[in-house]
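# Fold and contact review
So you can see what is in the structure, the chains are spelled out below.
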Amino acid sequence: MKEQAKLVEKVKNYFPKLNVENINKAYDFGKKAHGSQIRASGDPFFSHPFEVANILAQMKLDENSIITGLLHDVIEDTLATKEEIKKIFGLEIANLVDGVTKLSKITLDQTNKNKQVENLRKFILAISEDIRVLFVKLADRLHNMRTIKFLKDIDKKKKISNETLEIFAPLADRIGIRKIKDELEDLAFEELNSSVKSTIIKRINFLKSQGKNNIKLIIQQLQKVLKKSNIKAEIIGREKKPYSIWKKMKKKNISFEQLSDVMAFKIIVEDIDECYLCLKTIHTSYPIVPGRFKDYISLPKQNGYKCIHTTIFGPAKQKIEIQIRTKEMEKIAQFGVAAHWQYKNNLNLQEGKKYKWIRELVEIVKTSSDTDEFLENTKMEMYKDQVFCFTPKGDLIALPDKSTPIDFAYAVHTNLGDVCTGAKVNGKITPLKNYLKNGDQVEIIKSKLQSPSPNWSQFVKTPKAKSRIKKFIKTKEYKEYSTLGLKILKHFFSKNNKIFDEANLKQTLNYFKIPIIDDLYFRIGKGNLDPIKVLHAIYPTLKKNIKKLPIKNFKKEKKDSIPLKGLLPGFAINYSKCCCPMPGDKIVGIIIKGKGVTVHTTDCNEIGKFLKKNIISLSWDNKKISLEDYVGRIIIIVLNEPGSLGEIASAIGNNKGNIINLKLTSRKKTFFEMLVDVKVKNLNHFTNIVASIRSLDSVSSVNRIKGK
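Presented here is a report on the structure given in the accompanying data block. (Residues numbered from 1 in each chain as written. Predicted model: local features only at pLDDT ≥ 70, side-chain atom pairs only at ≥ 80, totals over all residues. Heavy atoms only, no water.)

### Topic: the sheet that holds strand 8 (residues 420-425)
Definition in use: When DSSP finds two or more bridges between two strands, those strands count as paired. Every helix listed is a DSSP run of H or I at least four residues long, and every strand listed is a run of E at least two residues long, numbered separately from the N terminus. All axes here are fitted lines through C-alpha atoms, helices being fitted over the stretch that makes contact, and every angle between N-to-C directions spans 0 to 180 degrees.
Strand order in the open sheet formed by three strands is 9-8-10, and the pairing between neighbours is antiparallel. This sheet does not close on itself; its edge strands, each paired only once, are strand 9 (428-430) and strand 10 (442-446). If you compare each strand with its neighbour and ignore which way they point, the axes differ by 35 degrees on average. Direction of pairing for strand 8 relative to strand 9: antiparallel, over a ladder of three bridges. Considered in strand 9, the bridge of Val-425 is made with Lys-428.

The structure is reproduced here in structure tokens:
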């Protein structure tokens with residue numbers, strides 16, 4: 001009863017209106033349900049849910065969260081049911097306990113990627129329904145990590161610790177509960193890399209022995225500096241956690257001997273004005289470390305974190321990190337999202353999706369189909385560092401570091417990203433692949449004719465943009481191959497004097513084990529299903545009559561086919577003269593009625609003139625590429641002086657290229673511009689020639705032509 005009374009008193013201290021009877025009822029119910037169950041430590045099992053409730057009370061969570069902590073294992077580990085909990089404690093608590101139970105059954109298997117992805121999907125969807133489920137789960141994981149030493153199974157300990165570092169610590173960080181995040185990382189690090197942790201601690205102790213880590217002395221000197229400006233502040237100094245130091249060492253690729261930045265100091269003041277006065281005093285008293293200043297008061301993190309960060313060469317010329325914040329900011333820094341709920345009983349806590357990062361995770365769940373892509377995107381969303389930019393109207397958009405205007409467009413609205421054709425950053429036209437910086441004002445230029453480009457996926461940063469672009473590409477590819485497959489089928493039916501009837505085709509779907517007619521077209525278009533087999537399935541009696549001719553022609557055509565993947569034989573192929581594609585280029589095909597397929601580079605300026613339905617994906621078949629010549633077209637700006645043209649011709653000839661066409665397009669006093677067509681073997685050969693020309697002193701610029 002003593003421990004029960006302590007828990008009640010702890011909650012009443014921050015929640016005076018607490019219904020004590022409900023807490024006592026949950027305590028008695030949980031203790032009775034778990035009965036004589038024992039943990040690996042030898043303690044009664046109920047000691048675990050009780051400690052979970054204590055952790056939730058330290059976070060100052062609402063009454064129902066505390067009750068859920070006391071009951072969170074009863075459905076999974078006892079005979080109690082959800083209906084029983086609903087009857088005694090109400091629907092809300094029953095749903096919370098059930099939600100935590102479902103999360104407990106989700107093991108994030110590190111050895112099986114597909115299983116890991118599926119379980120992570122379920123996990124994200126569960127916490128999106130009620131974020132308090134995540135709070136209880138984090139408290140549950142924290143107590144389990146505190147007692148993990150009692151487990152005898154080494155593999156299980158490693159699995160739980162990996163899971164903690166990969167999933168739970170980042171989630172704690174994303175909702176701003178730094179205290180839990182730090183402890184989870186430290187406990188997992190001890191299990192996974194105890195020797196490394198020990199070495200870091202030895203290094204810290206060595207620095208102490210050299211008199212370099214005298215936290216008390218540094219606090220005293222900082223207090224003196226602040227007192228001169230009449231600033232009353234609480235200063236708290238600490239050594240950074242071993243895992244935090246280890247991450248920094250890996251990121252900066254430094255050794256233990258180079259380790260010096262191991263201390264952090266919090267300066268807690270009364271209000272925001274004093275935060276900036278404190279910053280001014282510190283910066284005028286000590287040299288700053290360049291590039292280590294961040295103002296999260298002006299631009300808070302998405303989880304509500306506010307603080308000023310700076311690093312200085314402080315007392316004794318030591319490098320130390322300073323964090324300046326108010327008491328309210330300190331509360332949020334410790335307890336994150338939960339801090340906003342203290343003393344506020346009228347908030348609807350069940351709408352997890354109102355948090356932007358959770359909505360983005362849910363969107364990734366819905367749009368990512370590839371296993372590696374999903375895991376990469378969810379981890380990115382959990383770990384991301386931020387850059388803050390503004391819309392022309394002044395709305396703040398938070399993005400991961402190294403984001404681009406494309407990321408910005410998708411962050412504003414999915415549809416804006418889809419039609420983004422350019423961007424102005426701080427009033428100037430900027431390439432879409434450029435990185436955005438803090439404080440940039442970004443205006444997206446859009447066009448209804450624009451659609452996501454496959455090239456975007458190579459440089460966008462945000463998971464939302466990556467998922468959307470990849471989904472668009474897959475959808476586009478599906479439509480292209482389906483359109484091509486339909487054309488191929490119609491061609492074969494016509495060739496064999498048969499009427500093309502989609503109703504007949506649908507009757508073959510079961511035979512080929514294909515669900516819908518568009519999937520049939522897609523497989524034919526991609527070359528996974530021979531159209532002759534479809535004809536055979538509809539007209540089996542004609543099998544003997546038509547089998548020989550198409551197969552004979554098929555083999556003949558395949559033998560003489562050009563070095564491309566993505567086409568079935570039988571189509572006339574032309575290389576575009578506007579962009580002159582060659583092996584090594586990324587290419588697409590344009591279907592032109594009566595002319596077959598014309599091959600273009602993917603960045604050719606002419607592609608936008610064609611209907612999307614007529615554009616198909618192609619690639620080079622390196623096994624079939626012969627020694628035939630391809631044409632590379634370049635535009636050269638060269639000084640108008642004797643010998644310039646000869647130097648260019650020599651550079652091309654020395655690299656075994658051959659000029660087949662040369663045209664002067666502009667001539668002025670100091671320079672002239674010319675268009676040159678060069679015969680080459682492949683893209684690498686062409687690139688070498690361009691590099692040789694570019695190295696000439698007389699040449700101002702050399703660029704490949706991409707369209708007329």
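From this point, things continue past the structure.
### Here's the deal with unusual backbone geometry
Note the threshold: Relative accessibility decides the category of a residue: with a 1.4 Å probe and only protein chains considered, values under 20% of the type maximum give buried, values over 50% give exposed, and everything between is partly exposed.
Backbone geometry at Lys-513 places phi at a positive 55 degrees, although glycine is not the residue there. Structurally, the position occupied by Lys-513 is in the loop between helix 23 (509-512) and helix 24 (517-526). Residue Lys-513 is classed as exposed on the basis of its relative accessible area of 74%. Backbone geometry at Lys-656 places phi at a positive 60 degrees, although glycine is not the residue there.

### Looking at the environment of Lys-10
Test applied: Contact definition: two residues touch when any of their heavy atoms are within 4.5 Å.
Considering the arrangement of structural elements, one finds Lys-10 in helix 1 (residues 2-14). Here Lys-10 is in contact with Asn-54, Ala-57 and Gln-58, once residues within four sequence places are set aside.

### Looking at helix 27 (residues 644-654)
Note the cut-off: The reported arc concerns the directions from the helix axis to the C-beta atoms and nothing else.
The set of residues buried in helix 27 consists of Ser-644, Ile-648, Ala-651 and Ile-652. The buried residues of helix 27 occupy one face: seen down the axis, they fall within an arc of 95 degrees. At its buried positions, helix 27 is contacted by strand 16 (630-639), strand 17 (658-667), strand 18 (671-680), helix 28 (683-694) and strand 19 (699-704). At the exit of helix 27 stands Lys-656, carrying a positive phi of roughly 60 degrees.

### Quick word on the environment of Phe-472
Examined against the element boundaries, Phe-472 turns out to sit in helix 21 (residues 463-495). Phe-472 gets classed as partly exposed once you look at its relative accessible area, which sits at 23%. For the pair formed by Phe-472 and Pro-454, sequence separation is 18 residues and the distance between their alpha carbons is 8.8 Å.

Nothing here speaks to function; it is all geometry.
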